[in-house]
Amino acid sequence: MSAKVLYAVVGGFVLGVFVRSLCSVGLAFAAFSVVVAIAVLLLSLTDRSKVRSAIVVALALLAFAGGIVRTHIAVETGDTALTSQLGAKVVIEGVVFAEPDVREANARLSVRADTVFARGATTTVDAGVLVVAPAHVDISYGDRIRAEGTLDLPEAFDTGVGRQFDYPLFLAKDGVTYVLSFSKVSRVGKNEGNTIKASAIWLKRTYLEGLQRALAEPQSGLAGGITAGDKRGLGEELSATFRAVGLTHIIVLSGYNIMIVIYGISRVFARFSVRRSLQFGASIFVAVFFALMTGFASASVRAAAMATIAVAGSATGRMYLAGRALLVVAAAMVVWNPFVLVYDPGFQLSVLATAGLIIFTPLIAPRLTFITSKFALREIAATTIATQLTVLPLLLYQNGQLPIYSLFANLLVLAAVPWAMLLSLFAALAGIILGPFAVIVAFPAYALLSYMIGVAQLLAALPFAALSIPAFSAWWLVLVYGLLFYLARHVRKDEQDTV
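How each quantity is defined
Residues numbered from 1 in each chain as written. Predicted model: local features only at pLDDT ≥ 70, side-chain atom pairs only at ≥ 80, totals over all residues. Heavy atoms only, no water. Phe/Tyr/Trp six-rings, centres within 6.5 Å; stacked < 30°, edge-to-face > 60°. Helix = DSSP H or I, 4+ residues; strand = E, 2+ residues; numbered from the N terminus. Buried < 20%, exposed > 50% of the residue type's maximum accessible area, 1.4 Å probe, protein only. Lys NZ or Arg CZ within 6 Å of the ring centre and 35° of its normal. Patch = residues over 30% accessible without salt bridge, like charges linked within 9 Å, V, L, I, M, F, W, Y side chains within 5 Å. Areas by Shrake-Rupley, 256 points an atom, 1.4 Å probe, with all protein chains shown as cover. Salt bridge = Lys/Arg side-chain N within 4 Å of Asp/Glu carboxyl O. Contact = heavy atoms within 4.5 Å. Polar contact = N/O pair within 3.5 Å; in protein donor to acceptor, adjacent residues only side chain to side chain. Expected span 1.5 Å × (residues − 1). Axes fitted to C-alpha atoms, helices over the stretch in contact; angles between N-to-C directions. Parallel < 35°, antiparallel > 145°, perpendicular 65-115°, else oblique. Nonpolar A, V, L, I, M, F, W, Y, C, P; charged D, E, K, R; others polar. Pairing = 2+ DSSP bridges. Core = buried A, V, L, I, M, F, W, Y, C linked by side-chain atoms within 4.5 Å.

Colleague: Account for the packing of aromatic side chains, naming residues and giving values.
Modeller: Two aromatic rings are characterised by how far apart their centres lie and by the angle between their planes. Under the defined criterion, the tally for this structure stands at six aromatic pairs. With centroids separated by 6.0 Å and ring planes inclined at 70°, the aromatic side chains of Phe29 and Phe64 adopt a geometry described as edge-to-face. Of this pair, Phe29 sits in helix α2 (residues 27–44) while Phe64 sits in helix α3 (residues 51–74); the two residues are 35 residues apart in sequence, bridging distant segments of the chain. A relative accessible area of 36% places Phe29 in the partly exposed class. Counting every residue linked through ring pairs, the aromatic cluster contains Phe157, Tyr167 and Phe170. In this structure, Arg112 is placed above the aromatic ring of Phe97, and the distance from its NZ or CZ to the ring centre is 6.0 Å. The ring of Phe170 is capped by Lys173, whose NZ or CZ atom sits 4.4 Å from the centre of that ring.

The following block contains the structure:
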């Protein structure tokens, strides 16, 4: 009963958020759902045998209404003073609340604006503004800046093959409503951000500078991606190569990477008989630190939260049910920020990949006896097939790119990732401490990272490495995932009946 209640509440709430995100249903629709829930409960009183089922249905309907209300509250309406200046040149002042996104052509600064200067008047505002500034601008997280530029609303754009990317709502999930283009930026204050987050970003920058001293590009960029979630050093061409062969997941700080670090810490502590309480504290610190370092990116937050639950369960001797942990963590993230459900590709891919690991890996692994278990190849193959099976429909919907050699690429690369992470850490420390002599210590990392890049480039150069799929309706996604998870349930039930 408790499991059914959990699934009903989470499923109803998520469905309510989904419907409100895509359709302009109002609070009246939520109220109607509440009335139906009450009616279901009252009708169940005529047949006591159906009371439990009615309670589950009623809870699902109430949660559905809650999802609609939560999303309705979260919708950004903008700031009246800023909206009145759309299309005009204005000067804003505010604090940079996220790590600057520095690209080849520009730097993108997420600013919580509190003052606007326009038409000779100074007005107090409260809104998120994406300030697009020159690439060389020297601005950091927590800086108070003054920016002059043209104020506009963000616009959706075509990603190719008829696909539209809803950029306004993608920014809205991070609290950004406006864009200030062609900006002139100056710093007017410092250290107005969160001290812990600022420290994490500073440490990340120091670490990446150590990598750059010890390793050449693109090896340094790949090392930064797999260990710190920074993939800007790879460049567009190599990023496209990794995308074409289905290896994008290793160049971001995913749950897999975080769990490798936590597992390594646990092994070291266990070897030296460190107290379990210290192991628990260190693991939680690592999980939270990585989430901070990535600016609370959805994938790292989800991974950090699940890792925290797993470690807490181990420390207290309780059973860890990964499926329920995923459900609770994903639901909590949607409650906190409803926009991530529909408008955050990172959240969607992270949750689906984890669900694939939990649901499909146990079904696939026993059927891969023809693959050797040495070097964890069978496990890698099973997890790769499981994750690709669950994320591929969404990836095809988002970008229309079908990576034909994804399985082979992952089999050849994933076994090297833990060692590449460890050796990259040594390389970064050497770069920080030894300066130009760091290249000697960094050579093993360089060799392994070069191997990973070489595999990606070799497979991407093969004929039909990636096929383009025409755009299709989102309803096909609903149908495909419905069939996929129904099939998994059917296969699992057959196996349980056989046993």
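More follows now that the structure is in view.
Colleague: Please give an account of a nonpolar patch on the surface that cites residues and values.
Modeller: On the surface, Trp419, Leu422, Leu425, Phe426, Leu429, Ile432, Ile433, Leu434, Phe437, Val439, Ile440 and Val441 cluster together into a nonpolar patch covering about 1,200 Å² of accessible area. Taken together, the elements giving at least two residues each to the nonpolar patch come down to α17 (417–434) and α18 (438–460). Position of Ile440 relative to the elements: it lies in helix α18. On the basis of relative accessibility, which here comes to 63%, the residue Ile440 falls in the exposed class.

Colleague: Could you give me a rundown of the pattern of salt bridges, with the residues and numbers involved?
Modeller: Throughout the structure, instances matching the rule amount to nine salt bridges. Ionic pairing is found between Glu93 and Arg146, a salt bridge with its closest N-O pair at 2.8 Å. Residue Glu93 is located in strand β1 (residues 89–96), and its partner Arg146 is located in strand β5 (residues 144–152); the two are separated by 53 residues in the primary sequence. Its relative accessible area of 14% is what places Glu93 among the buried residues.

Colleague: Tell me about helix α7 (residues 219–228), residues and numbers included.
Modeller: Of all ten residues making up α7, ten are buried, and the element is well covered by its neighbours. Looking one or two residues beyond α7, the residue adopting positive phi is Gly229, at roughly 75°.

Colleague: Describe the environment of Glu93, listing the residues and the values that go with them.
Modeller: Taking the C-alpha atoms as reference points, Glu93 and Thr124, separated by 31 residues in sequence, lie 9.7 Å from one another. When residues no more than four places from it in sequence are discounted, the contact partners of Glu93 are Ala113, Asp114, Thr115, Phe117, Arg144, Ile145, Arg146 and Val188. Of the polar contacts made by the side chain of Glu93, one reaches the side chain of Arg146; its length is 2.8 Å.

Colleague: A description of α18 should follow, citing residues and the corresponding values.
Modeller: With 23 residues, α18 extends 31 Å between its outermost C-alpha atoms, agreeing within 8% with the 33 Å of an ideal straight helix rising 1.5 Å per residue. Inspection of α18 places Ala438, Ala442, Ala445, Leu448, Leu449, Met452, Ile453, Val455, Ala456 and Leu459 among the buried residues, and these make up the whole buried set.

Colleague: For the packing of α7 against α17, give the residues involved together with the corresponding values.
Modeller: Here α7 crosses α17 at 110°, and the two axes come no closer than 9 Å. Overall, the two elements α7 and α17 adopt an arrangement that is roughly perpendicular. For the pair α7 and α17, contact is made by Ala223, Ile226 and Thr227 and by Ala420, Met421 and Ser424, respectively. Here the contact of α7 with α17 is built from residues that sort into four nonpolar, two polar and no charged.

Colleague: Now, about the side chain of Thr390: what can you tell me, with residues and values included?
Modeller: Looking at the element boundaries, Thr390 is found in helix α15 (residues 377–399). Residue classification places Thr390 among the buried residues on the basis of a relative accessible area of 0%. If we skip the residues at most four places from it in the chain, Thr390 touches Leu352, Ala353, Gly356, Phe360, Tyr481, Leu484 and Phe485.

Colleague: Any details on the pairing of strand β8 (residues 178–189)? Residues and values, ideally.
Modeller: Summarising the sheet, strand β4 (residues 121–134) and β8 pair through three bridges and their orientation is parallel. Its bridge partner lying in β8, Leu130 is registered against Val179. Looking at chain direction, β5 and β8 are connected through eight bridges and run antiparallel. Residue pairing in the sheet places Leu151 in a bridge with Leu180 of β8.

Colleague: I'd like a description of the packing of α7 against α18, backed by residues and values.
Modeller: Packing of α7 against α18 brings their axes to within 9 Å, and their N-to-C directions diverge by 90°. With respect to α18, the axis of α7 lies roughly perpendicular. Counting all contacts with α7, which are made through Gln219, Leu222, Ala223 and Ile226, the residues of α18 involved are Tyr446, Leu449, Ser450, Met452 and Ile453. Counted by class, the contact of α7 with α18 contains seven nonpolar, two polar and no charged residues.

Colleague: Before we move on, could you go through the nonpolar core and cite the residues and values that matter?
Modeller: Ranked by internal contacts, the top residues of the largest apolar core, which has 39 residues, are Leu211, Leu215, Leu222, Phe242, Ile250, Leu449 and Met452. Elements represented by at least two residues in this core include exactly α6 (195–214), α7, α8 (235–244), α16 (406–413), α17 and α18. With ten residues, α18 is the largest single contributor of residues to this core. Formed by 23 residues, the second largest nonpolar core is a distinct cluster that contains Ala81, Leu82, Val96 and Ala133.

Colleague: Summarise unusual backbone geometry; cite the residues concerned and give the values.
Modeller: For the peptide bond that leads from Glu217 to Pro218, omega is 10°, which places it in the cis range. At Phe182, a position not held by glycine, the phi torsion is positive, near 50°. Residue placement: Phe182 occurs in strand β8. Taking relative accessible area as the criterion, Phe182 reaches 76% and is therefore assigned exposed. One non-glycine residue, Phe464, adopts positive backbone phi at about 55°. Relative to the helices and strands, Phe464 resides in the loop between α18 and β10 (466–468). Classification of Phe464 as exposed rests on a relative accessible area of 64%.

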